[in-house]
Amino acid sequence: MNATTTPDSTGHFGQFGGMFVPETLMTPLQDLAAAYEQAKADPEFKRELDDLLKNYVGRPTPLYFAERWTEKLGGAKIYLKREDLLHTGAHKINNAIGQILLAKRLGKTRIIAETGAGQHGVATATVCARFGMECVIYMGQVDMERQALNVARMRLMGAEVRSVTAGQATLKEAVSEAMRDWVASVENTHYIIGSALGSHPFPMIVRDFHRVIGIEAREQILEREGKLPNMLVACVGGGSNAIGLFHPFLDDENVRMVGVEAGGDGIIPERHAARFQGGKLGVLQGTKTWLLANDDGQIELTHSVSAGLDYAAIGPEHAFLQEAGRVEYTYATDDEALEGFKDLATTEGIIPALETAHAMAYVLKIAGSLPKSDIIIVNVSGRGDKDMEQAMKYLFKDGNPLE
Ligand SMILES: *Cc1c(COP(=O)(O)O)cnc(C)c1O
């Protein structure tokens, strides 16, 4: 199977993906896939999306040459794709804006979404305000306490945030609750999934709305350097920012791609979220993919300093690209990510999100060993303002930065 033509009509990326959902959701998901195919072929849809991306979301984002960081690391030239400069501060809005336009086409008046750290909830609440749609966000009770500011942002924009208290009261339970709502409300409701995860057609749709990252980066580097990059690097939670950057380069055989998962405290069960390290093949929340589960098939607890990478399953297309050997996957621990966070801030004056900092940690490790003629593009998936409180716990003592 050719990587750039996946998935097939039932959502399979090789042996991964598919539609593992209750019977009641099969028809709406098939309707969504059909509406999406129609929208893709409609110039009016593209015009409206492009206009919003440009004037509301803030595209194109710059491809910035990190001159000082490159000099410091002493190897490959490092370019940063600045998704952190988008409205709401991360790449997630690319998908939220695309999906709300689809919902409008489908005649839906109500939007639901799940959120972990709150970033996808904020992006969804934002586009719902913009389009005057009713918005319900499911969020674990524990996450609501940890991310009170994002809860306030969502509420300010008119969203209802519903607390989920089942199980660990975090993202996995919020997804289950949103699915339950959708089964009962699908008549008037669209579910905006926040990453390249879940049942077909979501992994494909979310990927396609993020492909703009890679399409722009490809044009920008060709214009700037007259050649393609040698390596692309992105952090991988569900995998949406990574697949958005990687996908337009998949046919370029000489472009190496590296996805960086959350290594937490190291690869110890329940202390990380690196699905390709110690994970197994299974089905979770609609899709067949690599996930972290124990020998009885129970989903394991995960841990990461960054809430956005802290999820037990990876998007099915990444599972496919890993099996095909097209993309390499590695991980950065919490400590390594914090080093990347600090290094980018002090060297370039750019504070990345803690999720993004995992990709920076890999660049920190690899750039110096690559020839100066090489080019790396790393995706800055989001900005780190939201993470300052968390970072201060680790990087500051008595209000002063640690050495
Ligand atoms: C949510 C988030 C991620 C992880 O999600 P992906 O779908 O893997 O991209 C990464 N970076 C930031 C800034 C995020 O908010």
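Scroll up for the structure.
Owing to the predicted nature of the structure, the values given are computational and were not obtained by experimental measurement.

**What about the sheet that holds strand β8 (residues 189-191)?**
Spatial ordering of the open sheet is given by β7-β6-β5-β8, a layout of four strands whose pairing is parallel. Each end of this open sheet is capped by a strand with a single partner; those strands are β7 (160-164) and β8. With direction set aside, neighbouring strand axes in the sheet form an average angle of 25 degrees. Where strand β6 (residues 134-140) and β7 come together, five bridges link them in parallel fashion. Looking across to β7, one finds that Ile 137 is bridged to Val 161.

**Thoughts on the packing of helix α4 (residues 92-105) against helix α5 (residues 119-131)**
It is the contact of α4 with α5, at a shortest axis distance of 9 Å, that shows an interaxial angle of 45 degrees. With respect to α5, the axis of α4 lies oblique. Handedness of the α4/α5 crossing: right-handed. Across from Lys 92, Ile 93, Asn 95, Ala 96, Ile 97, Ile 100, Leu 101 and Lys 104 in α4, the residues of α5 making contact are Gln 119, His 120, Ala 123, Thr 124, Thr 126, Val 127, Cys 128 and Phe 131. When grouped by side-chain class, the residues that make up the contact of α4 with α5 number nine nonpolar, five polar and two charged.

**Some words on the site of the ligand**
Looking at the ligand, there are 18 residues lining it, with Lys 92, Ser 195, Gly 237, Ser 240 and Ser 381 nearest. Here an oxygen atom of the ligand sits 2.7 Å away from a polar atom, N or O, in the main chain of Gly 237. A distance of 2.7 Å is found between an oxygen atom of the ligand and a side-chain nitrogen or oxygen belonging to Ser 240. Taken by itself the ligand offers 380 Å² of open surface, and the protein chains cover 97% of this. Of the residues in the shell around the ligand, the class split is five nonpolar, eleven polar and two charged.

**Concerning the sheet that holds strand β4 (residues 77-81)**
Reading across the sheet, the six strands line up as β3-β4-β14-β9-β10-β13 and stay open at both edges, with mixed pairing between neighbours. Whereas interior strands pair on both sides, the edge strands pair on one side only; in this sheet they are β3 (63-65) and β13 (328-333). Direction aside, neighbouring strands of the sheet carry axes that sit 25 degrees apart on average. The pairing of strand β10 (residues 256-264) with β13 spans six bridges and is parallel. When the sheet's bridge partners are listed, Val 260 is paired in β13 with Thr 330.

Reading the values: the criteria
Residues numbered from 1 in each chain as written. Predicted model: local features only at pLDDT ≥ 70, side-chain atom pairs only at ≥ 80, totals over all residues. Heavy atoms only, no water. Pairing = 2+ DSSP bridges. Helix = DSSP H or I, 4+ residues; strand = E, 2+ residues; numbered from the N terminus. Axes fitted to C-alpha atoms, helices over the stretch in contact; angles between N-to-C directions. Parallel < 35°, antiparallel > 145°, perpendicular 65-115°, else oblique. Left-handed = near helix turned anticlockwise from the far one by under 90°. Contact = heavy atoms within 4.5 Å. Nonpolar A, V, L, I, M, F, W, Y, C, P; charged D, E, K, R; others polar. Near = heavy atom within 4 Å. Polar contact = N/O pair within 3.5 Å; in protein donor to acceptor, adjacent residues only side chain to side chain. Areas by Shrake-Rupley, 256 points an atom, 1.4 Å probe, with all protein chains shown as cover.

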